[in-house]
Amino acid sequence: LINEADTLSDRALENEKALEKYREALLLDSLNYEVLWKISRSHIVVGEHLPATTDEQKEAQRQIYEDAVRYAEKAISVNPNGSMGYAQRAAAKIRLAMFRNIWKSSGLMNDVREDCEKAVEIEPKNALAYNVLGRAHFQLTQRMKIVRWPFGVAWGNTEDAIQNFERAVAIYPNFITYRIDAARAYIENKEYQKARDHLFAVSTLPALSEEDERLRKEAADLLEQIKNK
């Protein structure tokens, strides 16, 4: 069941079916750490593909991410020495932070940093944890530090975002999302050639999932935006 679900999870439109398979596996073994964190991951992917135009749709998406947190926490309770439970909880919480303003999401962002640091302490080659930590830094830089300071999230900065994105790329160089995240941070930092290096690399990478064609177009659009910079 896990193998079947893993195969389905590589297909963007099949993640709900993957989730069903993981749940079947969980019925056979309710304390299976791998199944629990993969259920968390599938909730995140399903949530990312939900429409989020109306308030009702946004609430449904938020609930999916809440479920992702819940399953990641179950994984951590089963195996507190496992890296992926913490990484998935961080990945879910950073998405929940999108539903709140900085005053309400500061605690979540600090949780994200703590979970990512715990994940890489356990497994220094956890690319997901580095990428999520990079995203946390990058999202926080969209607000001025002086505004963030009273809420305990002044730690976010572009340099650390880039460093963490590059660590994720070094571990998993064929994962297109990591390349695009790194490129966006370089663009923010006005390091356009370094951004181009990642974006040009995207066109040469093998397709790992159905999402990759959409991501290749995103990379091409970013290249167009910075072509004269």
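Some remarks on the packing of helix α7 (residues 127-140) against helix α9 (residues 158-171)
Running from N to C, α7 and α9 cross one another at 160 degrees; their axes reach a closest spacing of 8 Å. Our classification of the angle between α7 and α9 gives roughly antiparallel. The element α7 and its partner α9 pack so that their crossing is left-handed. Of the residues in α9, those touching α7 at A127, Y130, N131, L133, G134, R135, H137 and F138 are D160, A161, N164, F165, R167, A168 and I171.

Considering the pattern of salt bridges
Inspection of the entire model under this criterion finds 20 salt bridges. A salt bridge links E48 to R95; the nearest nitrogen and oxygen atoms lie 2.6 Å apart. In this pair, E48 is assigned in helix α3 (residues 33-48) and R95 in helix α5 (residues 83-96), connecting sequence segments 47 residues apart. As a salt-bridge pair, D67 and R70 come within 3.4 Å of each other at their nearest N and O atoms. In this pair, D67 and R70 both sit in helix α4 (residues 55-78), 3 residues apart, roughly one turn of the helix. With a relative accessible area of 16%, D67 lands in the buried category. Given a relative accessible area of 37%, R70 falls into the partly exposed group. Sharing partners across several salt bridges, the network here consists of D6, E34, K38 and R41.

Some details on α5
Along an α-helix, a turn takes 3.6 residues, which lines up residues three or four apart on a common side. Helix length check: α5 (14 residues) gives 21 Å between terminal C-alpha atoms against 20 Å at 1.5 Å per residue, within 8%. Counted residue by residue, α5 has 13 buried out of 14 residues, so it is predominantly covered.

Section: the confidence of the model for the protein
In the predicted model, the protein carries a mean pLDDT of 92, and 94% of its residues have values of at least 70. When mean pLDDT is taken per element in the protein, α9 scores highest with 98 and helix α8 (residues 145-148) scores lowest with 63.

Looking at the packing of aromatic side chains
Under the defined criterion, the tally for this structure stands at 4 aromatic pairs. Aromatic pair F175 and Y178: ring centres 4.6 Å apart, planes at 70 degrees, arrangement edge-to-face. Members of the aromatic cluster, each reached through a chain of ring pairs, are Y172, F175 and Y178.

Re the packing of helix α2 (residues 15-28) against α3
Where α2 meets α3, the closest approach of the two axes is 9 Å, and the angle between their N-to-C directions is 160 degrees. Our classification of the angle between α2 and α3 gives roughly antiparallel. Judged by the sense of rotation from one axis to the other, the crossing of α2 with α3 is left-handed. Seen from α2, the contacting residues are N15, E16, A18, L19, Y22, R23, A25 and L26; seen from α3, they are V35, L36, K38, I39, R41, S42, H43, V45 and V46. For the contact of α2 with α3, the per-class residue count stands at 10 nonpolar, 3 polar and 4 charged.

Digging into the side chain of N164
Take N164: it is sitting in helix α9. Classification of N164 by relative accessible area gives buried; the value is 4%. A distance of 2.8 Å separates a polar side-chain atom of N164 from the backbone oxygen of D160.

Brief notes about the environment of N79
Inspection of the secondary structure assignment puts N79 in the loop between α4 and α5. Overall, the relative accessible area of 25% leaves N79 in the partly exposed class. The sequence separation of N79 and E34 amounts to 45 residues, and the corresponding C-alpha distance is 9.6 Å.

Concerning the environment of E117
Here E117 lies in helix α6 (residues 102-122). Looking at E117, the relative accessible area reads 43%, which means it is partly exposed. In this structure, the C-alpha to C-alpha distance between E117 and Y86, residues 31 residues apart in sequence, is 8.9 Å.

Each value, and the rule that gives it
Residues numbered from 1 in each chain as written. Predicted model: local features only at pLDDT ≥ 70, side-chain atom pairs only at ≥ 80, totals over all residues. Heavy atoms only, no water. Axes fitted to C-alpha atoms, helices over the stretch in contact; angles between N-to-C directions. Helix = DSSP H or I, 4+ residues; strand = E, 2+ residues; numbered from the N terminus. Parallel < 35°, antiparallel > 145°, perpendicular 65-115°, else oblique. Left-handed = near helix turned anticlockwise from the far one by under 90°. Contact = heavy atoms within 4.5 Å. Salt bridge = Lys/Arg side-chain N within 4 Å of Asp/Glu carboxyl O. Buried < 20%, exposed > 50% of the residue type's maximum accessible area, 1.4 Å probe, protein only. Expected span 1.5 Å × (residues − 1). pLDDT = per-residue confidence, 0-100. Phe/Tyr/Trp six-rings, centres within 6.5 Å; stacked < 30°, edge-to-face > 60°. Nonpolar A, V, L, I, M, F, W, Y, C, P; charged D, E, K, R; others polar. Polar contact = N/O pair within 3.5 Å; in protein donor to acceptor, adjacent residues only side chain to side chain.

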